[in-house]
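# What the coordinates show
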Amino acid sequence: MKTDFEHWLTAQFGETGPFTLFILLMRIGASDAVPLKSSYAHLIGDEMTWGEMRGLLDSAGTPWDGVAFFVGLGHAGGPLADEAARRKLGEVEADVQGDPLTLNRGRFFDREGRQLRIDEAAA
């Protein structure tokens, strides 16, 4: 049975073709979600399973509870050039640190590949 991640990746690739994926490993607490590490990758296909992605994420050496993915495309479509991807990754990190609800503009998954959503907590 496919995970939410695998369904999303197939649909995303079908819509855009190759793209740059911005990756933020997250710690999820009772009332917060905190970015731990980030990176980017250029995806040129949709054959990756959640198990393969999770293995790559675990190789970062940081315990994580969730992962946020954001899609980047060049002006003519396709992956961003590395310099532009590094710059955009910094913007994505700053946006998430400034407002965790930004996670809802991307795709947010738990360790099992199930999609998550961040909601504003009642005061």
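Our subject is the structure that appears above.
Okay, so let's go over this structure. Predicted model, so just to flag it, every value in this text is computed and none were measured.

This part covers the overall build of the protein. What the protein contains, in helices and strands, is three helices and five strands. Going from the N terminus to the C terminus, the protein shows its helices and strands as α-β-β-α-β-α-β-β. Each principal axis of the C-alpha atoms in the protein carries an extent, and together these give about 45 × 35 × 30 Å. In the protein, which comprises 123 residues, the proportion classed as buried is 37%. Restricting the contact set of the protein to residue pairs at least 6 apart, pairs at least 24 apart contribute 66%. Total accessible area on the protein is roughly 7100 Å²; 52% of this is exposed by carbon and sulfur atoms. The positive charge centre, built from 12 side chains, and the negative charge centre, built from 19, are 2 Å apart in the protein.

Going through the model one piece at a time under the given rule, you end up with nine salt bridges. Residues Glu-112 and Arg-54 are paired through a salt bridge, measuring 3.3 Å at the closest nitrogen-oxygen approach. A residue pair is termed long-range when its members are at least 10 positions apart, and Glu-112 in the loop between β4 (107-110) and β5 (115-116) and Arg-54 in helix α2 (residues 50-58) qualify at 58 residues. The class for Glu-112 is partly exposed, based on a relative accessible area of 43%. For Arg-54, a relative accessible area of 23% puts it in the partly exposed group. Residues joined in a network through salt bridges with shared partners are Arg-54, Asp-58, Arg-111 and Glu-112.

With respect to topology, five strands assemble into an open sheet ordered β2-β1-β3-β4-β5, the strand pairing being antiparallel. Two strands in the sheet have a free side with no partner beyond their single neighbour: β2 (33-43) and β5. Judged from the four bridges that link them, strand β3 (residues 66-72) and β4 form a sheet pairing that is antiparallel. Of the residues in β4, the one forming a bridge with Phe-69 is Arg-107. Running at roughly 105° to β3, α2 makes contact with β1 (19-28), β3 and β4 of the sheet. Running over the sheet, helix α3 (residues 82-98) touches β1, β2 and β3 and is turned about 155° from β2.

Another point: α3. The terminal C-alpha atoms of α3, which comprises 17 residues, lie 24 Å apart, in line with the 24 Å expected from a rise of 1.5 Å per residue. For α3, the set of buried residues is Ala-85, Leu-89, Val-92 and Val-96. Down the axis of α3, the buried side of the element spans an arc of 65°, and every buried residue falls inside it. For α3, the exposed residues set more than 90 degrees away from the buried face come down to Glu-83, Arg-86, Gln-97 and Gly-98. The inward-facing, buried residues of α3 abut β1, β2 and β3.

Core analysis: the largest hydrophobic core is formed by 16 residues, its most contacted members being Phe-5, Trp-8, Leu-21, Trp-50, Leu-57, Val-67 and Phe-69. Going through the elements one at a time, α1 (4-16), β1, α2 and β3 are the ones with two or more residues in this core. The residues contacting Phe-5, other than those within four sequence positions of it, are Met-48, Thr-49, Trp-50, Met-53, Phe-69, Phe-109 and Gly-113. Leu-80, Ala-85, Val-96 and Ile-118 belong to the second largest nonpolar core, which has 15 residues in total.

Each value, and the rule that gives it
Residues numbered from 1 in each chain as written. Predicted model: local features only at pLDDT ≥ 70, side-chain atom pairs only at ≥ 80, totals over all residues. Heavy atoms only, no water. Helix = DSSP H or I, 4+ residues; strand = E, 2+ residues; numbered from the N terminus. Buried < 20%, exposed > 50% of the residue type's maximum accessible area, 1.4 Å probe, protein only. Contact = heavy atoms within 4.5 Å. Areas by Shrake-Rupley, 256 points an atom, 1.4 Å probe, with all protein chains shown as cover. Lys, Arg positive; Asp, Glu negative; His and termini not counted. Charge placed at Lys NZ, Arg CZ, Asp CG, Glu CD. Salt bridge = Lys/Arg side-chain N within 4 Å of Asp/Glu carboxyl O. Pairing = 2+ DSSP bridges. Axes fitted to C-alpha atoms, helices over the stretch in contact; angles between N-to-C directions. Expected span 1.5 Å × (residues − 1). Arc of directions from axis to C-beta. Core = buried A, V, L, I, M, F, W, Y, C linked by side-chain atoms within 4.5 Å.

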